[in-house]
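Spelled out from the first residue to the last, the chains are:
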Amino acid sequence: MGDYLVHRARFFDYQPKAIQSMNYDDAIKKLAISRSDSTIEIWCTKNEFLESIIYPTADRQVESLLWCRSQLLSSGLDGFIVLYDLARLTAKKLVPSIGGAIWCMNKNKSETKIVVGTEDGYVVMYEVQIDGILFEKSFNKLDSRILSIAWHKDEEILITGGIDNIRVWDANSGQVLQRLSLGRIDKNKETLVWCLTITSDFQIISGDSRGKISIWNSEQGNLIKSFQTHSVDVLCLCIDETEKHVYCSGIDPSIVQLDLVSTSQEENYKYWVKSSVYYHHTHDVRSILIADNQLISAGVDTKIVFKSLEKKNSSKNRKYNSMPQKSLVHTHDDFVLIQHDKHLELWKLGQSGDDFNLDDKKDGDYLSILRSPKKFLHLNSKNDLNIVCSSIGAFPTNENSQTIWISYSDLNSIHIYKIEISSKQLLEPKVNVIKIKSLPLACGNRPAVIMNFCYSASSNQLRLNYLTNKSCLQSLYLLNDELGFALDSTIQCIPQDLLLTDNRVHLVDFKDDYVATADTDTNIVIWSLKAQSQICSLPKYDSLASSLKFHPNKNLLLVCYANRKIVEYDFELNEYTDWSRESSKKWPKQWLKSNNKILSCFYDSRDDQKIILHDEQYLTIINKNETMPDFNEKIFQPKYSIKSKCQNGQTEKQALHISDKYRYIVHLSEPLKGQLLIVEVTPLSVSERLPPSLKQKKFGT
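Just so it is clear, the model here is predicted, and its values are computed rather than measured.

## Here we look at the overall build of the chain
Thought 1: Regarding its fold elements, the chain presents 3 helices and 59 strands.
Thought 2: Relative to the globule expectation of 27 Å for 701 residues, the C-alpha radius of gyration of the chain, 28 Å, shows essentially globular dimensions.
Thought 3: Viewed in the frame of its principal axes, the chain has a C-alpha envelope of about 80 × 70 × 50 Å.
Thought 4: For the chain, the residues scored as buried account for 55% of the 701 residues in total.
Thought 5: If you take every contact in the chain between residues at least 6 apart in sequence, the share linking residues at least 24 apart comes to 48%.
Thought 6: Counting only carbon and sulfur atoms, one obtains 47% of the accessible surface of the chain, whose full area is about 31600 Å².
Thought 7: Computing the positive centroid from 84 side-chain charges and the negative centroid from 86, the chain places the two 3 Å apart.

Shown next, in the form of structure tokens:
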């Protein structure tokens, strides 16, 4: 008989989002990524971990991103430059352009000014201050849109790319110094300069809609050399710090490398050659950049690829899929709440006809289905706003009827609904939806970024705990008449004076009176809701936490880090547990080298010596009573979980039990004792939702 009865759910209709643009800030080691729905993701490149998401308003369109003085800016076809508050993950200031839609944006080397290129042919310059953007001047209007822009290191020269031409500008006077004309493949088809850059010796490197990379002399205005690197549009390119390597890609997803080499006879004479081609993507590559000696590329296939540029690691690529890094699925008993971009779905899990006859079943056996999963409710968000977070909870009730509480937060406020289900036993039970119209005034009606319903058996109260976008924890309890909620406690996790920095809480877990928080400065703190004060803080670690979970019965906190280290902390004794100390130096090499981040973890409700966790590709059960594998053990090979180690004539079971049967795992929980719910999004379902890729002739086809 198997240890768990698994609900393998595939009813999460997840829609992957294409990546539009990227930008990197070397000072704070952060990577900003914008997707096709205008959401902006902030990644920590040190841990290659998604820290937070900035959700757009309904009318916002993001075309390009830029870090300037460690402040994040965006521009788009709506014609606005947006400055973001990274502590609250909201737009702080909006500055309109004078030329309509903005196609491109760049900054000078000293990061004091930015320039944008617009649809109406304007080059507009702005001064960037600590907390704002000021209009400085606009250059002479051109007769066509400006699609790309770059700034020379000496800050005196600007170059812009448009339709059939490249222009060289004097950044101080705003006058055109040079006009470079591009040819056409067809006289009726315009050549669009999608991307360009300029080197220290004033060579312009451009990529255009003909699939060509061209090298120009900006002082004399002549073409030095061109390469037919792609068969269709080149959309993006980047150059390394030494200015000896250029990488380009576009609708043809191959990444082509150009190198600056010199002949052995004349060392002073250098020329560009086409050297290498990389195949990391299946669809259009929209953005490519170099950060920390890594080539980062992304595009329509929704994947982010990190390629090391060091020779010894040049063959190692790390791909990150577009699966959500935080769980969008929440459970209460056999009810499942699924969070989509702008609506919620309430499902009831199916039931097997073999639930009472499992003794003769083996691991991996499929059970007959007595009742299929059923969708109970489809709830749209108010005013069609993006849903940031959601939760589900309930009181323990009888089996004939049940009341479910659902809450979600959009960009403006929190919404709570009471769902009355008349009879769970009927095939078509009656569902009644009642909206709680107002929250306590003391709450301030702030939007939440994390929320969780929690039932307290000691006080017989249903609580809604949530974290606001100002890193403030608030706890509400349901009134006896079930007509509303009242504020019970408030904790400011990060002092208001420190909120001027970008530090914010990104992980929270709740248990009765206890709350654990993890922030982007790698602090992990445990709080008391009743006392509204800090109990203790864990020793600081150099990696971000990716998952937190309290022990259901003991004063223990389980922490998983982005580098896949796992610790268990006793906050009553203020020390790590014995298992945590012993296992800290015994994790296998393959476990630590894996690129997948641990997305969630929890203790087995039947055996608290077992820890259940998952990443995108693997389901893992750790038995704390068993021995860790050897450091060089190949733990991710098929059927590893049934392997054992023989020592001194006795067979010892391994502590790590790993299953690669499910992919991609977006949620794992234990809704009922002895049962696991695994919500997966298959690679096939993801690829089917992508647009068609460029069809190319291949050998043998």
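## Regarding the sheet that holds strand E44 (residues 505-511)
Thought 1: If you trace the 4 strands from one edge of the open sheet to the other, you get E44-E45-E46-E47, paired in antiparallel fashion. The outermost strands of the open sheet, each flanked by one partner alone, are E44 and strand E47 (533-537). Neighbouring strand axes in the sheet, compared pairwise and without regard to direction, differ in orientation by 25° on average.
Thought 2: Where strand E45 (residues 514-519) and strand E46 (residues 524-528) come together, 5 bridges link them in antiparallel fashion. Looking at E46, one finds that alanine 516 is bridged to isoleucine 526.

## Re unusual backbone geometry
Thought 1: Residue tyrosine 664 is reached from arginine 663 by a cis peptide bond, and omega for that bond is -10°.
Thought 2: Mapped onto the secondary structure, tyrosine 664 falls in the loop between strand E57 (656-659) and strand E58 (665-669).
Thought 3: In the Ramachandran plot, leucine 89 falls in the positive-phi region, its phi being about 60° despite a non-glycine side chain.
Thought 4: With relative accessibility at 18%, the residue leucine 89 sits in the buried group.

## Description of the pattern of salt bridges
Thought 1: Tallied over the entire structure, the rule returns 32 salt bridges.
Thought 2: With a closest N to O distance of 3.3 Å, arginine 504 and glutamate 51 form a salt bridge. Remark: glutamate 51 occurs in strand E5 (residues 49-54) and arginine 504 occurs in the loop between strand E43 (485-492) and E44; sequence separation between them is 453 residues. Both residues of the pair, arginine 504 and glutamate 51, belong to the buried class.
Thought 3: Here lysine 113 makes a salt bridge to glutamate 136, at a shortest N to O gap of 3.1 Å. One end of the pair, lysine 113, is in strand E11 (residues 113-118); the other, glutamate 136, is in strand E13 (residues 132-138), with 23 residues separating them in the sequence.
Thought 4: The exposure class of lysine 113 is partly exposed, given its relative accessible area of 26%.
Thought 5: With a relative accessible area of 31%, glutamate 136 lands in the partly exposed category.

## Comments concerning the pairing of strand E7 (residues 71-75)
Thought 1: Along E7, 5 of the 5 residues are buried, which leaves the element largely enclosed by surrounding structure.
Thought 2: Burial along E7 is two-sided: Gln71, Leu73 and Ser75 and Leu72 and Ser74, pointing in opposite directions, are all buried.
Thought 3: Where strand E6 (residues 64-68) lies against E7, 5 bridges are found, and the strand directions are antiparallel. Looking at E7, one finds that tryptophan 67 is bridged to leucine 72.
Thought 4: Taken together, E6 and the strand that follows it, E7, pair antiparallel across an intervening segment of 2 residues, in which arginine 69 is found at a positive phi of about 55°.
Thought 5: Pairing between E7 and strand E8 (residues 80-85): 3 bridges, direction antiparallel. Counterpart to serine 75 in the pairing with E8 is isoleucine 81.

## Some thoughts on the environment of histidine 378
Thought 1: Structurally, histidine 378 is set in strand E35 (residues 374-380).
Thought 2: For the pair histidine 378 and leucine 346, spaced 32 residues apart in the sequence, the C-alpha separation amounts to 6.7 Å.
Thought 3: For histidine 378, the contacting residues outside a window of four places in its chain are His343, Leu344 and Glu345.
Thought 4: Among the polar contacts listed, one links the side chain of histidine 378 to the side chain of lysine 375, at a separation of 3.3 Å.
Thought 5: Side chain to side chain, histidine 378 and asparagine 380 meet in a polar contact 3.1 Å long.

## Section: the packing of aromatic side chains
Thought 1: Per the stated rule, a full pass over the model turns up 19 aromatic pairs.
Thought 2: Their ring planes at 75° and their centres at 5.6 Å tell us that phenylalanine 395 and tyrosine 455 sit as a pair that is edge-to-face. Here the residue phenylalanine 395 occupies a position in the loop between strand E36 (389-394) and strand E37 (402-409), and tyrosine 455 occupies one in strand E40 (residues 448-456), the gap between them amounting to 60 residues.
Thought 3: Both rings, one in tryptophan 405 and one in phenylalanine 485, keep their centres 5.6 Å apart while their planes meet at 85°; by these two values the pair is edge-to-face. With tryptophan 405 in strand E37 and phenylalanine 485 in strand E43, this pair connects stretches of sequence that are 80 residues apart.

## Quick look at a positive patch on the surface
Thought 1: Taken together, the side chains of Lys316, Lys589, Lys593 and Lys634 make up a positively charged region of the molecular surface.
Thought 2: Examined against the element boundaries, lysine 589 turns out to sit in helix H2 (residues 589-593).
Thought 3: The partly exposed category is assigned to lysine 589, whose relative accessible area is 41%.

## Considering the sheet that holds strand E14 (residues 148-151)
Thought 1: Judged by pairing direction, the sheet is antiparallel, and its 4 strands sit side by side in the order E14-E15-E16-E17 without closing on themselves. For this open sheet the edge positions go to E14 and strand E17 (176-181), each flanked by a neighbour on one side alone. Taken pair by pair, the neighbouring strands of this sheet meet at an average axis angle of 15°, ignoring direction.
Thought 2: With 5 bridges connecting them, strand E15 (residues 157-161) and strand E16 (residues 165-170) associate as antiparallel partners. Paired with leucine 158 across the strands is tryptophan 169, a residue of E16.

## Remarks on the side chain of aspartate 410
Thought 1: With respect to the helices, strands and loops of the structure, aspartate 410 is situated in the loop between E37 and strand E38 (414-421).
Thought 2: No salt bridge is formed by the buried aspartate 410; the nearest opposite charge belongs to lysine 382, separated by 7.2 Å.
Thought 3: At a separation of 2.8 Å, a polar atom in the side chain of aspartate 410 contacts the main-chain amide nitrogen of serine 413.
Thought 4: Once residues within four sequence positions are removed from consideration, aspartate 410 is found in contact with Lys382, Leu385, Asn386, Val388, His415 and Pro447.

## Concerning the nonpolar core
Thought 1: Counting residues in each nonpolar core, the largest one holds 20 residues, and the members touching the most others are Ile566, Trp587, Trp591, Ile611, Leu613, Ile622 and Leu656.
Thought 2: Elements with a minimum of two residues in this core: strand E49 (556-561), strand E52 (600-603), strand E53 (610-614) and E57.
Thought 3: In this structure, isoleucine 566 is in contact with Leu558, Val559, Cys560, Trp579, Ser580, Trp587, Trp591, Ile598, Leu613 and Ile622, ignoring residues within four places of it in sequence.

## Looking at the side chain of glutamine 339
Thought 1: Relative to the helices and strands, glutamine 339 resides in strand E31 (residues 335-339).
Thought 2: Reaching out from glutamine 339, the side chain makes a polar contact with the backbone oxygen of isoleucine 387 at a distance of 3.3 Å.

## Observations regarding the environment of leucine 83
Thought 1: Counting through the fold element by element, leucine 83 comes out in strand E8.
Thought 2: Here the alpha-carbon distance between leucine 83 and glutamine 637, two residues 554 residues apart in the chain, equals 47 Å.
Thought 3: Ignoring anything within four residues of it in the chain, the contact list for leucine 83 reads Gln71, Leu72, Leu73, Ala91, Lys92, Lys93, Asp131, Gly132 and Ile133.

Conventions used here
Residues numbered from 1 in each chain as written. Predicted model: local features only at pLDDT ≥ 70, side-chain atom pairs only at ≥ 80, totals over all residues. Heavy atoms only, no water. Helix = DSSP H or I, 4+ residues; strand = E, 2+ residues; numbered from the N terminus. Rg over C-alpha atoms; globule rule 2.2 N^0.38 Å. Buried < 20%, exposed > 50% of the residue type's maximum accessible area, 1.4 Å probe, protein only. Contact = heavy atoms within 4.5 Å. Areas by Shrake-Rupley, 256 points an atom, 1.4 Å probe, with all protein chains shown as cover. Lys, Arg positive; Asp, Glu negative; His and termini not counted. Charge placed at Lys NZ, Arg CZ, Asp CG, Glu CD. Pairing = 2+ DSSP bridges. Axes fitted to C-alpha atoms, helices over the stretch in contact; angles between N-to-C directions. Salt bridge = Lys/Arg side-chain N within 4 Å of Asp/Glu carboxyl O. Polar contact = N/O pair within 3.5 Å; in protein donor to acceptor, adjacent residues only side chain to side chain. Phe/Tyr/Trp six-rings, centres within 6.5 Å; stacked < 30°, edge-to-face > 60°. Patch = residues over 30% accessible without salt bridge, like charges linked within 9 Å, V, L, I, M, F, W, Y side chains within 5 Å. Core = buried A, V, L, I, M, F, W, Y, C linked by side-chain atoms within 4.5 Å.

Shape descriptors only; they carry no functional weight alone.
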